Amino acid sequence: MDPRSWPMATEACRILRANLEALRLEHPLQVLLLIPASPGEAAAEVALDLGLAFAEAGRQTLLVDADLERPQLHEALRVSPSPGLRALLAGMGSPIDAALAETGIPGLSLLPAGAPGSDPRPPSSRKVGELLQALRRRAERILIYSPPAQTASWTLELAEHSDGALLIARVRRTHRAHLLQAREALERVHATVLGVILWRA
């Protein structure tokens, strides 16, 4: 990617990044899960924007596109979707480093969702934990963009092994009931819900 065409983080996401860095919790926020609050909605650009903010601040940042049905991050960053996360979950023998894509943006890499195809069986909690543990050794900050918690059990598996979750709500679009359902689903698996990102699409 030509440096002149690199996207830049919005000021709102720079402020959010600074606030997250300032939090003093029991565990560092190395792995963050970003989840649309409503079924059927997508907010991958919010995940990308926050990833850019961390990379601009000098953090080695890894974006993970965990929305296997509607992957978008590889298109936004102009990289191949394969082999990606789908291959790792399916146990196709692809090494993790080979599945990561360089974006051309300093400090920012991507684990794309993978090529379209039949979804693998939902991975066990143990397998999810092992994968995230391996990814922790490859970046200072890992931002996972997932499908809504109400429609994908996979999101709840990811939440169990993340350091914190942020719900993404669209201004004047996200229903309060959906937001409450998403929060309750995350709390049932004892995820740390850090708050809500209000997104004006």
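A. Just the sheet that holds strand 7 (residues 193–199), in detail. Across the sheet, which stays open at both edges, the 7 strands sit in the order 3-4-2-5-1-6-7 with mixed pairing between neighbours. Strand pairing shows two members of the sheet lacking a second neighbour, strand 3 (101–102) and strand 7, which therefore form its edges. With 6 bridges joining them, strand 6 (residues 164–170) and strand 7 adopt parallel strand pairing. Pairing of Ala-165 across the sheet is with Val-193, part of strand 7. Of the strands in this sheet, strand 1 (31–36), strand 2 (61–65), strand 4 (108–111), strand 5 (141–145), strand 6 and strand 7 are in contact with helix 2 (residues 44–56), which crosses strand 5 at around 175 degrees. Helix 6 (residues 125–136) contacts strand 1, strand 2, strand 4 and strand 5 of the sheet and is inclined by roughly 140 degrees relative to strand 5.

B. Structural detail: the side chain of Asp-163. On the secondary structure map, Asp-163 appears in the loop between helix 7 (153–160) and strand 6. A residue is classified by how much of its surface remains accessible, and Asp-163, at 15% relative accessible area, is buried. At 3.0 Å, the side chain of Asp-163 forms a polar contact with the backbone nitrogen of Gln-30. Here the side chain of Asp-163 touches Arg-136 through a polar contact of 3.0 Å, side chain to side chain. The residues contacting Asp-163, other than those within four sequence positions of it, are Pro-28, Leu-29, Gln-30, Val-31, Arg-136 and Thr-192.

C. Highlighting the environment of Val-46. Looking at where Val-46 falls in the secondary structure, it is placed in helix 2. Along the sequence, Val-46 and Ala-9 sit 37 residues apart, while their C-alpha atoms lie 9.7 Å from each other. Setting aside chain neighbours within four positions, we find Val-46 in contact with Cys-13, Ile-168, Ile-197 and Trp-199.

D. Structural view of the pattern of salt bridges. Going through the model one piece at a time under the given rule, you end up with 9 salt bridges. The closest approach of N and O atoms between Arg-59 and Glu-140, which form a salt bridge, is 3.3 Å. With Arg-59 in the loop between helix 2 and strand 2 and Glu-140 in the loop between helix 6 and strand 5, this residue pair connects regions lying 81 residues apart in the sequence. In this structure, Glu-187 engages Arg-183 in a salt bridge whose closest nitrogen and oxygen atoms are separated by 3.8 Å. Here Glu-187 and its partner Arg-183 are both found in helix 8 (residues 176–188), 4 residues apart, which amounts to about one turn of the helix. For Glu-187, a relative accessible area of 42% corresponds to the partly exposed category.

E. Broad picture of the nonpolar core. Grouped together as the largest cluster of nonpolar side chains are 35 residues, with contacts concentrated most on Leu-85, Leu-111, Leu-135 and Ile-144. Among the elements that line this core, the one with the most residues is helix 6, at 5 residues. The contact partners of Leu-111, leaving out residues within four places of it in the chain, are Leu-62, Leu-63, Val-64, Asp-65, Gly-84, Leu-85, Leu-88, Ala-99, Leu-100 and Leu-135. Counting residues in each nonpolar core, the second largest holds 31 residues, with Leu-20, Ala-44, Val-46 and Leu-63 among its members.

F. Spatial organisation of the environment of Pro-83. Tracing the sequence through the fold places Pro-83 in the loop between helix 3 (73–76) and helix 4 (84–89). Owing to a relative accessible area of 29%, Pro-83 belongs among the partly exposed residues under this scheme. For the pair formed by Pro-83 and Asp-49, sequence separation is 34 residues and the distance between their alpha carbons is 24 Å.

Conventions we followed
- Residues numbered from 1 in each chain as written.
- Predicted model: local features only at pLDDT ≥ 70, side-chain atom pairs only at ≥ 80, totals over all residues.
- Heavy atoms only, no water.
- Pairing = 2+ DSSP bridges.
- Helix = DSSP H or I, 4+ residues; strand = E, 2+ residues; numbered from the N terminus.
- Contact = heavy atoms within 4.5 Å.
- Axes fitted to C-alpha atoms, helices over the stretch in contact; angles between N-to-C directions.
- Buried < 20%, exposed > 50% of the residue type's maximum accessible area, 1.4 Å probe, protein only.
- Polar contact = N/O pair within 3.5 Å; in protein donor to acceptor, adjacent residues only side chain to side chain.
- Salt bridge = Lys/Arg side-chain N within 4 Å of Asp/Glu carboxyl O.
- Core = buried A, V, L, I, M, F, W, Y, C linked by side-chain atoms within 4.5 Å.

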